Amino acid sequence: MAVTANQKKLDAHTLRADFPIFEQVIHGKPLAYLDSANSSQKPRQVLDAMTEFYETSYANVHRAVHVLGERATAGLEGAREKVRALLNAPDVREVIFVRNATEALNLVAYSWGGNNLGPGDAVVVTELEHHSNFVPWQYIAKRQGAEFRMLPLDDEGEVDLAGLDEIARDCNVKVVATNLVSNSLGTISDLASLVTWAHEQGAIFVCDAAQAAPHLRVDVQALDCDFLAISGHKMCGPSGIGALWGRAELLRRMEPFLLGGHMINSVRYEKTTWGELPHKFEAGTSPIAEAVGFGAAIDYLQAAGLDAIEAHEHELAAYALGRLGEVPGIKLYGPPAERRAGVVSFNVEGIHPHDVAQILDREGIAIRAGHHCCQPLMHKLGVAATNRASFYLYTVPEEIDQLVDGLATVHKVFA
Ligand SMILES: Cc1ncc(COP(=O)(O)O)c(C=O)c1O
C-alpha cells in the first residue's frame, strides 16, 4: 500500500500507483480523471479483495452451514463492522446494507415517512440537495398529504435558516433532510444549528453523506443525526453497495421497506413477522462480494487518513480555484476552498457545458457536465447546467493543469 496509518500528509503521486485505471492513456493523452464526485476509481487493494473473495470464499450468506457460507457471512458482517467504525455508530446492527445512498434515503422516506407523516406535518429540505434527498421526500410528503418545504440558499450560497420560525409556526415539522457536502458546489455545511432546530421540533434529522463520507471524517454521534446515507462507489469501493445508518430505536419501530426472503422471523398464511435488525431491512440476497470490496475500500481510506484526504482536497480546491480563475470567460460557483470538498463547478462564457466536456474528453480529461441531479440548485444559479471538476485522494495538481490547458483548447475550437 502506498500510504501508511500515521502518515500526516497524503502523497497522491505515490498513492496513484495503487489505481490500475491510471496505467493508460485516453485519446493518446494521460488520463486526468476529474469526475470522482460522480464515482471514484478503485485501488488494487479493493479489486484484489473482491477477486480473492470470489476465488476462495464465495457462497450465499447467513443460510449455509458449510465452510464457504461461513466465510462469506464473515466477509459481509466484517464489512458491516467496518462501516460502523467508519461512522462511529454505537451499534453494528444499526448499519443496513443497501444498493446506494439513493436507496438508503428512499428506505427512510418510505418506511419512516410513509408511516409517520400526515396532513399538517412538514418535511424540510434545502435548495442544495441532490435529487436523491429531494425527490423521495417531495413524493412521500405529497402522498401523505404533508407539506414539503425547501430552505433557500442566500447570496453567499449558504442555506438560509431565516425561514425556520415561520415553518415551525405553520406546520408540525417531522423531517429535516440535508446533505453534509454538496455534490454540485462542494460546500461543506455546518449542520449543527439545523440539527438542534430539527430536534427541538421533535423532527428526525436525515443526513445525506454520500458526498461527505468519501472526503472527510463522518461521525453520526457527533452530528447527532437520526439517519445517514452513504454510497460505496464514491469511496473507492464497488458500485451496487451503500449503507444506511439509523438509530436502533427508530429502525425497530419502522416497517420494512422491501419484503421477501431473509427479512422475516416467521411466515404463516395468516401473518408474517419481521426479523431483527439489520436483517429486517435486508430482503433477498445481499451484495456479498460488494460488501467485501466496500470493507477493503474503508480500510484503504482509513489507512490514507480521512483528515489527510480532507486536507489534500482543500489544497487541490484552492489550487484549482486559483488556476481556473486565470481562464478567460470562466464563472466559478461555490464557497472558498477551505469550506469546500474537492469539487469545482464552473461555466465558460458562451460555450455549452456539454461542448466543453466533450472537447476536454479528447484531451484525456474526464469531467462532468449537466445539472448534477441538482435541478433546484441550477434554477437558483440561473443556469441549466455547469461543468464540474471533482477530485479525490489520487488526484494530483498536474491533472488540474491539464484541465486548464484543455480549456485553452476549448477556447481555440470556439474562437
Ligand atoms: C450528495 C449526493 N447525494 C446522493 C447521491 C446519490 O448517490 P447514489 O447515486 O450512489 O445513490 C449523490 C450522487 O451523486 C450525491 O452526490
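See the structure printed just above.
An account of the accompanying structure is given in this report. These numbers come from a predicted model, not from an experiment.

Scoring rules and cut-offs
Residues numbered from 1 in each chain as written. Predicted model: local features only at pLDDT ≥ 70, side-chain atom pairs only at ≥ 80, totals over all residues. Heavy atoms only, no water. Core = buried A, V, L, I, M, F, W, Y, C linked by side-chain atoms within 4.5 Å. Buried < 20%, exposed > 50% of the residue type's maximum accessible area, 1.4 Å probe, protein only. Helix = DSSP H or I, 4+ residues; strand = E, 2+ residues; numbered from the N terminus. Contact = heavy atoms within 4.5 Å. Disulfide = S-S within 2.5 Å. Near = heavy atom within 4 Å. Polar contact = N/O pair within 3.5 Å; in protein donor to acceptor, adjacent residues only side chain to side chain. Nonpolar A, V, L, I, M, F, W, Y, C, P; charged D, E, K, R; others polar. Arc of directions from axis to C-beta. Pairing = 2+ DSSP bridges. Axes fitted to C-alpha atoms, helices over the stretch in contact; angles between N-to-C directions. Parallel < 35°, antiparallel > 145°, perpendicular 65-115°, else oblique. Lys, Arg positive; Asp, Glu negative; His and termini not counted. Salt bridge = Lys/Arg side-chain N within 4 Å of Asp/Glu carboxyl O.

1. Some details on the nonpolar core
And then number 1: Judged by nonpolar contacts, the single largest core of 73 residues is most densely connected at L228, I230 and L393.
And then number 2: For this core, the element with the most residues is helix α10 (residues 288-304), which contributes eleven residues.
And then number 3: For L393, the contacting residues outside a window of four places in its chain are L10, A12, L15, C236, Y300, L301, A304, I309 and H312.
And then number 4: Counting 31 residues, the second-largest nonpolar core is a separate cluster that includes L117, V125, I204 and L251.

2. Brief notes about the state of the cysteines
The bond known as a disulfide is covalent and runs between the sulfur atoms of two cysteines.
And then number 1: Applying the stated criterion across every chain yields a total of zero disulfides.
And then number 2: In this structure C225 is not part of a disulfide, and its nearest cysteine sulfur, from C207, lies 5.3 Å away.
And then number 3: The closest cysteine sulfur to the non-disulfide-bonded C373 is located on C374, 6.9 Å from its own sulfur.
And then number 4: Assessed through its relative accessible area of 22%, C373 is described here as partly exposed.

3. Re the site of the ligand
And then number 1: Lining the immediate surroundings of the ligand are N100, A101, T102, H130, S132, N183, D208, A210, Q211, S231, H233 and K234.
And then number 2: Within the side chain of T102, one N or O atom sits 2.5 Å away from an oxygen atom of the ligand.
And then number 3: Between the ligand and Q211 there is a distance of 2.5 Å, counted from an oxygen atom to a side-chain nitrogen or oxygen.
And then number 4: By residue class, the composition of the shell around the ligand is two nonpolar, eight polar and two charged.

4. Structural notes on helix α5 (residues 135-144)
And then number 1: Listing the buried residues of α5 in full gives P136, W137, I140, A141 and Q144. All buried residues of α5 fall inside an arc of 125° around its axis, so they share one side.
And then number 2: If you follow the buried residues of α5, they end up packed against α4 (101-116), β5 (121-126), β6 (147-151), β7 (172-179) and β8 (204-208).
And then number 3: G145 lies just past α5 and shows a positive phi near 80°.

5. Notes on the sheet that holds β6
Pairing between the strands of a sheet comes from backbone hydrogen bonds, and it takes one of two forms, parallel or antiparallel.
And then number 1: With mixed pairing, the seven strands of this open sheet are ordered in space as β4-β10-β9-β8-β7-β5-β6. Because the sheet does not close on itself, it has two edges, and the strands there are β4 (95-98) and β6. Taken over all neighbouring pairs, the strand axes of this sheet differ in orientation by 20° on average, direction set aside.
And then number 2: The sheet strands contacting α4 are β4, β5, β7, β8, β9 (227-231) and β10 (242-246), and the helix crosses β9 at an angle near 155°.

6. A few points about the environment of Y139
And then number 1: By the secondary structure assignment, Y139 is in helix α5.
And then number 2: Measuring from C-alpha to C-alpha, the distance between Y139 and Y110 comes to 9.5 Å, with 29 residues separating the pair along the chain.

7. Quick word on the packing of α10 against helix α11 (residues 306-325)
And then number 1: Interaxial distance between α10 and α11 falls to 5 Å at its minimum, and their mutual angle equals 70°. When the axis of α10 is compared with that of α11, the two are roughly perpendicular. Of α11, the residues touching α10 (which contributes L301, Q302 and A304) are L306, A308 and I309.
And then number 2: Classifying every residue of the contact of α10 with α11 by side-chain character gives five nonpolar, one polar and no charged.

8. Observations regarding the side chain of E129
And then number 1: By the secondary structure assignment, E129 is in the loop between β5 and α5.
And then number 2: Among buried Asp, Glu, Lys and Arg side chains, E129 stands out as unpaired, with K234 the closest opposite charge at 13 Å.
And then number 3: A polar contact is formed between the side chain of E129 and the side chain of T126, at a distance of 2.6 Å.
And then number 4: Of note is the side chain of E129, whose polar atom sits 3.0 Å from the side chain of N133.
And then number 5: Those residues in contact with E129 that sit more than four places away from it in its chain are F134, A177, T178, N179, C373 and C374.

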